[in-house]
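Per-entry structural report
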Amino acid sequence: MADRRQVLCLGALASGAPALLAVAGSPAQAAPAAAPAPRRRRSLVIGHRGASGYRPEHTLASYELAARMGADFIEPDLVVTKDHVLVARHEPEIGGTTDVASRPGFASRRRTVVLDGVSVTGWFTHDFTLAELKTLRATERIPQVRQHNTLYDGLFPVPTFEEVLELRERLCRELGREIGVYPETKHPTYFRGLGLDLETPLVQALRRRGLNRRDAPVFVQSFEAANLRSLHDDHRLRAPLVFLTSATGGPFGDPKSYAEYLTPGGLRELARYTDGIGPEKSQIIPREADGTLGTPTRLVADAHAAGLRVMPYTFRAENQFLPAELRSGTDPIAYGRALDEQVTFLRTGIDGLFTDQPDIGVLARDLALAPA
Ligand code: G3P
Ligand code: CA
């Protein structure tokens, strides 16, 4: 067992692990663009920002809990510091997820930047060295929804990507199973414009950990297609890639809309350099005007026909995030019938889902496999 654990922690997909990441026939490898995807054995549960329903997001405590709850992958969003170190935050502005606003020594760092065409005021990771950032502590992003998470405010530092990868290795050794990492490059064009590209340290970190391989338990994701295309085309990154999409708009600085990327032709082109898509969940099952679930779209079938996996975001248990017919009572922050929502989506054939409550995702996956 000790040997097997050691292999797992080097990021290899040992026997038994292919259920986690079955990449055989992946279109970005060699398969013809229109080849149907191989049928996977089970959908992946991705701990969204860790187990962010139970701990402040993007902390090692959040990732660790996600893995212990059974998540197959942990998801760090990545931004960069002034000294070009990757850290896990959802956006470069850190006023909403750390205690920086209460630190008089950093008051003068507050400023306004234009981020992907939008004016944003606050404190930015790229104005802090890693040593400075490490003096801050994480706080709950949505305390009005997740008051219980404020218990942990002030306890946990902002982790580097290296620390997340280290944690992943320790946990897969301890738990005796593979735990994948699903990093997202946040605002890659913005950071490149600052001379602090995300891709170079990302590839270096994955390479150092033996994870820059086609069969690594890794998906690198981005809402911009350009950086994924370039990572694939110049052969820098060998790990699988996932293109994220929203129900509206398009990638920053890209004339093509997300809707255009998701046409059958657009999906075939995406399959040339990516392995999957991460759509907003409403792109799989839209909501009706009254907030109830509507009729599933063709997206899962079209993406599978192009050879792409489909792993939508984000599943959350609180009523305010659920379809109208699955809410329990009138309290917007009480839990509703989140299992029913996830089972419904899993039965559309999706290949995984991002959830803030990985324990619910794991249970939903089991339920979805039971006869309807
Ligand atoms: O990466 C999938 C999902 O996390 C995308 O949304 O905004 O939570 O990063 P966001
Ligand atoms: Ca993300």
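None of the values given here were measured: they were computed from a predicted structure. (Residues numbered from 1 in each chain as written. Chains lettered and ligands numbered in written order. Predicted model: local features only at pLDDT ≥ 70, side-chain atom pairs only at ≥ 80, totals over all residues. Heavy atoms only, no water.)

With that settled, consider the coordination of the calcium ion (ligand 2). Protein coordination of the calcium ion (ligand 2) is provided by Glu-75 (OE), Asp-77 (OD) and Glu-184 (OE), with donor distances spanning 2.1 to 2.3 Å. Every donor counted, the six donor atoms about the calcium ion (ligand 2) form angles of 59 to 161 degrees at the centre, which fits irregular coordination. Sequence spacing among the residues donating to the calcium ion (ligand 2) works out to E-x1-D-x106-E. Asp-77 shares its class with Glu-75; the two are buried. (Donors = N, O, S within 2.8 Å, 3.2 Å for Na, K, Ca; no water. Tetrahedral: all angles 85-135°; square planar, octahedral: opposite > 155°, others 65-115°. Buried < 20%, exposed > 50% of the residue type's maximum accessible area, 1.4 Å probe, protein only.)

Close to ligand 1 lie His-48, Arg-49, Glu-75, Asp-77, His-90, Glu-184, Lys-186, Gln-221, Phe-223, Leu-244, Tyr-313 and Phe-354. At 2.6 Å from an oxygen atom of ligand 1 is found a side-chain nitrogen or oxygen belonging to His-90. At 2.7 Å, a side-chain N or O of Lys-186 approaches an oxygen atom of ligand 1. Compared with its free state, where it exposes 290 Å², ligand 1 has 91% of that area covered by protein. Here the residues of the shell around ligand 1 are counted per class, giving four nonpolar, three polar and five charged. (Near = heavy atom within 4 Å. Polar contact = N/O pair within 3.5 Å; in protein donor to acceptor, adjacent residues only side chain to side chain. Areas by Shrake-Rupley, 256 points an atom, 1.4 Å probe, with all protein chains shown as cover. Nonpolar A, V, L, I, M, F, W, Y, C, P; charged D, E, K, R; others polar.)

Glancing now at the side chain of Thr-160. For Thr-160, the location among the structural elements is in the loop between helix 3 (130-133) and helix 4 (161-175). Residue Thr-160 is classed as buried on the basis of its relative accessible area, which comes to 8%. In this structure, Thr-160 is in contact with Val-85, Leu-86, Val-87, Leu-130 and Lys-134, ignoring residues within four places of it in sequence. (Helix = DSSP H or I, 4+ residues; strand = E, 2+ residues; numbered from the N terminus. Contact = heavy atoms within 4.5 Å.)

Looking at the largest pocket, its volume works out to about 500 Å³. Every residue lining the largest pocket is counted, 28 residues in all, and those nearest its centre are Glu-184, Lys-186, Phe-223, Ser-246 and Tyr-313. In terms of residue class, the lining of the largest pocket is built from eight nonpolar, nine polar and 11 charged. (1 Å grid on protein atoms, 1.4 Å probe; cavity = no way out; pocket = protein on both sides within 12 Å on 5 of 7 lines; lining within 4 Å. Points joined across faces, edges and corners; volume = space filled by probe spheres on them.)

Here we come to the nonpolar core. In terms of nonpolar packing, the biggest core is built from 82 residues, with Phe-161, Leu-267 and Ile-277 touching the most fellow members. Element by element, the count of residues in this core is highest for helix 4, at six residues. Those residues within four positions of Leu-267 in sequence are excluded, and the remaining contacts are Tyr-261, Leu-262, Ile-277, Leu-299, Asp-302, Ala-303, Ala-306 and Leu-308. Within the second largest apolar cluster, nine residues are counted, among which are Phe-73, Phe-219, Val-242 and Met-311. (Core = buried A, V, L, I, M, F, W, Y, C linked by side-chain atoms within 4.5 Å.)

Paired through backbone hydrogen bonds, the strands of a sheet run either parallel or antiparallel to each other. Reading across from one edge, 7-2-1-13 is the order of the four strands in this open sheet, with parallel pairing throughout. Here the strands that pair on one side only, and so sit at the sheet edges, are strand 7 (180-181) and strand 13 (352-355). With three bridges connecting them, strand 1 (residues 44-48) and strand 2 (residues 73-75) associate as parallel partners. Counted as the bridge partner of Ile-46 is Phe-73 from strand 2. (Pairing = 2+ DSSP bridges.)

The subject of this paragraph is the pattern of salt bridges. Within this structure, the stated rule accounts for 32 salt bridges. Measuring nitrogen to oxygen at the nearest pair gives 3.2 Å for the salt bridge that ties Arg-209 to Glu-162. With Arg-209 in the loop between helix 6 (199-208) and strand 9 (220-222) and Glu-162 in helix 4, this residue pair connects regions lying 47 residues apart in the sequence. According to the relative accessible area criterion, Arg-209 is buried, its value standing at 17%. Arg-213 is the salt-bridge partner of Asp-215, the closest N and O atoms lying 2.8 Å from each other. According to the relative accessible area criterion, Asp-215 is partly exposed, its value standing at 33%. Judged by its relative accessible area of 25%, Arg-213 falls in the partly exposed class. Among the ionic contacts, a cluster of salt bridges with common partners joins Arg-49, Glu-57, Asp-77, Glu-91 and Arg-141. (Salt bridge = Lys/Arg side-chain N within 4 Å of Asp/Glu carboxyl O.)

Another point: the environment of Glu-132. Its place among the elements puts Glu-132 in helix 3. Residues Glu-132 and Thr-81, 51 residues apart in the sequence, show an inter-C-alpha distance of 9.5 Å.

Let us now look at the packing of helix 2 (residues 60-68) against helix 4. Look at helix 2 against helix 4: their axes get within 10 Å of each other, and the N-to-C directions meet at 30 degrees. Here helix 2 lies roughly parallel to helix 4, going by the angle between them. Once helix 2 is placed against helix 4, the crossing between them reads as right-handed. Of helix 4, the residues touching helix 2 (which contributes Leu-60, Tyr-63, Glu-64, Ala-67 and Arg-68) are Glu-163, Val-164, Leu-167, Arg-170, Leu-171, Glu-174 and Leu-175. When its residues are assigned to classes, the contact of helix 2 with helix 4 shows seven nonpolar, no polar and five charged. (Axes fitted to C-alpha atoms, helices over the stretch in contact; angles between N-to-C directions. Parallel < 35°, antiparallel > 145°, perpendicular 65-115°, else oblique. Left-handed = near helix turned anticlockwise from the far one by under 90°.)

The next point concerns helix 12 (residues 358-369). Counted at 1.5 Å a residue, the expected span for helix 12 with its 12 residues is 16 Å, and the 17 Å between its end C-alpha atoms agrees. All buried positions along helix 12 are accounted for by Pro-358, Ile-360, Gly-361, Val-362, Ala-364, Arg-365 and Ala-368. Among the structural elements, strand 1, helix 2, helix 11 (338-346) and strand 13 are those in contact with the buried residues of helix 12. (Expected span 1.5 Å × (residues − 1).)

Here we come to the confidence of the model for the protein. Put simply, the protein has an average pLDDT of 92, and 89% of its residues get 70 or more. Across residues 11-19, where pLDDT falls below 50, the model places 23 contacts with residues more than four positions away in sequence or in other chains. This stretch, residues 22-38, has a pLDDT under 50; its non-local contacts, to residues over four places away or in other chains, come to 38 contacts. (pLDDT = per-residue confidence, 0-100.)

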